[in-house]
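Structure assessment
Each chain, written out:
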Amino acid sequence: PTAEVVAFGVPGTPPQVIVSTGLVEVLEPTETAAVIAHEVAHHRLRHPRYLACLAGVERAVGWFAPALRSVEAARAAIEAWADDAVGGDASVRQSLRAALAGMTRRTWHADQRMARLASSMPTNTRIVRFASYAPLALILMTAVALVAGWLTDAHHAVALGAPCDH
């Protein structure tokens, strides 16, 4: 119960969608339903696990600007994925767009989402998703390769060391 306009999903068993009283008071019923459908889509598509991975990457290498930009792009792609999962019906997309306009402060990402929702349902979402995740995947693979190399070198150093007399 807050006047803030808030909606988010909470993972768990069962997953839950939290909607503030402020959101219900500000948005039309169709807009509220679209927001809830968007949050349910996050759960159905198992987005909390992707978001947790992104949070880990951000925490580990957030100081590296290209990694941070990749994390932000991946988060934007996840939001677009949930928007698209809500449905291709123009009225539902319009309700979601109106809800987003009513509850989000104006940012570049919010403007991009609203422009996407104003257009027809995109047909190349897999290509867009791949392009969004590719830089992050490259960074993760590089990190794994570096850690694997370090572990191999550490194992060799221990194996070549003098035997312990104890």
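What counts, and where the lines are drawn
The numbering scheme is per chain: residues are counted from 1 as the chain's sequence reads. Reporting in this predicted model follows two pLDDT cut-offs: at least 70 for local features of residues, and 80 or more for side-chain atom pairs to be given and counted; totals over whole chains, interfaces and linings ignore these cut-offs and use all residues. Side-chain calculation: all heavy atoms of the structure are included, whereas hydrogens and water are not. Whenever Lys or Arg places a side-chain nitrogen within 4 Å of a carboxyl oxygen from Asp or Glu, that contact is recorded as a salt bridge. A run of DSSP states H or I qualifies as a helix once it reaches four residues; a run of E qualifies as a strand once it reaches two. Both are numbered from the N-terminal end. Here's how the labels work: a residue is buried when its accessible area is under 20% of the maximum for its type, exposed when over 50%, partly exposed in between, all with a 1.4 Å probe on protein chains only. The rule is short: rings of Phe, Tyr and Trp, with Trp giving its six-membered ring, pair when the centres are within 6.5 Å, and they are stacked under 30 degrees, edge-to-face over 60, tilted in between. Axis angles are defined between N-to-C directions and span 0 to 180 degrees, where every axis is a line fitted to C-alpha atoms and, for a helix, only to the segment in contact. Roughly parallel here means an angle under 35 degrees, roughly antiparallel means over 145, roughly perpendicular means 65 to 115, and every remaining angle is called oblique. By definition, turning the near helix anticlockwise from the far helix through less than a right angle yields a left-handed crossing, and turning it clockwise yields a right-handed one. Only heavy atoms enter the contact rule, under which two residues are in contact if any of them lie within 4.5 Å. Side-chain classes are defined by residue name, with Ala, Val, Leu, Ile, Met, Phe, Trp, Tyr, Cys and Pro counting as nonpolar, Asp, Glu, Lys and Arg as charged, and the others, Gly among them, as polar. Known as pLDDT, the predictor's confidence for each residue is given on a scale from 0 to 100. Expected helix span is taken as 1.5 Å per residue step, with the number of steps being one fewer than the number of residues.

**Examining the pattern of salt bridges**
The final tally for this structure, using the stated rule, is two salt bridges. The salt bridge partner of Glu 58 is Arg 75, with a shortest N-O separation of 3.0 Å. Linking Glu 58 in helix α3 (residues 47–61) with Arg 75 in helix α4 (residues 65–86), this pair joins segments that are 17 residues apart in sequence. Arg 75 sits in the partly exposed class, given a relative accessible area of 28%.

**Looking at unusual backbone geometry**
Of the consecutive residues Thr 13 and Pro 14, the connecting peptide bond is found in the cis state with omega at -5°. Residues other than glycine seldom take positive phi values, yet Arg 46 does so here, at roughly 60°. Tracing the sequence through the fold places Arg 46 in the loop between α2 (29–44) and α3. With a relative accessible area of 53%, Arg 46 lands in the exposed category.

**Brief notes about the packing of aromatic side chains**
Counting across every chain of the model gives two aromatic pairs. Arranged with centres 5.8 Å apart and planes meeting at 35°, the rings of Tyr 50 and Trp 81 form a pair that is tilted. Separated by 31 residues along the polypeptide, Tyr 50 in helix α3 and Trp 81 in helix α4 bring together distant segments of the chain. Judged by relative accessible area, Tyr 50 falls into the partly exposed class, the value being 29%. We classify Trp 81 as buried; its relative accessible area is 16%.

**Structural notes on the packing of α3 against α4**
For the pair α3 and α4, the least separation of the axes is 9 Å and the interaxial angle reads 165°. Classified by the angle their axes make, α3 and α4 are roughly antiparallel. For the crossing formed where α3 meets α4, the hand is left-handed. Here His 47, Tyr 50, Leu 51, Leu 54, Ala 55, Val 57, Glu 58 and Val 61 of α3 come into contact with α4, specifically with Ala 67, Leu 68, Val 71, Ala 74, Arg 75, Ile 78, Trp 81 and Ala 82. Per-class residue counts for the contact of α3 with α4 are 13 nonpolar, one polar and two charged.

**A few points about the confidence of the model for the chain**
When pLDDT is averaged along the chain, the result is 82; 86% of the residues meet or exceed 70. Put simply, helix α6 (residues 108–118) is where the chain has its lowest mean pLDDT, 76, and strand β2 (residues 16–19) is where it has its highest, 91.

**Details of the packing of α2 against α4**
Put simply, α2 and α4 touch, their axes get as near as 8 Å, and they point 115° apart. Between α2 and α4, the angle falls in the class roughly perpendicular. You can see that α2 and α4 cross each other, and the crossing is right-handed. Every residue of α4 that contacts α2 at Ala 34, Ala 37, His 38, Ala 41, His 42 and Arg 44 is listed here: Ile 78, Glu 79, Ala 82, Asp 83, Ala 85 and Val 86.

**Things to note about α4**
Helix length check: α4 (22 residues) gives 32 Å between terminal C-alpha atoms against 32 Å at 1.5 Å per residue, within 8%. Burial in α4 covers these residues: Ala 67, Ser 70, Val 71, Ala 74, Ala 77, Ile 78, Ala 80, Trp 81, Ala 82, Asp 83, Asp 84 and Val 86.

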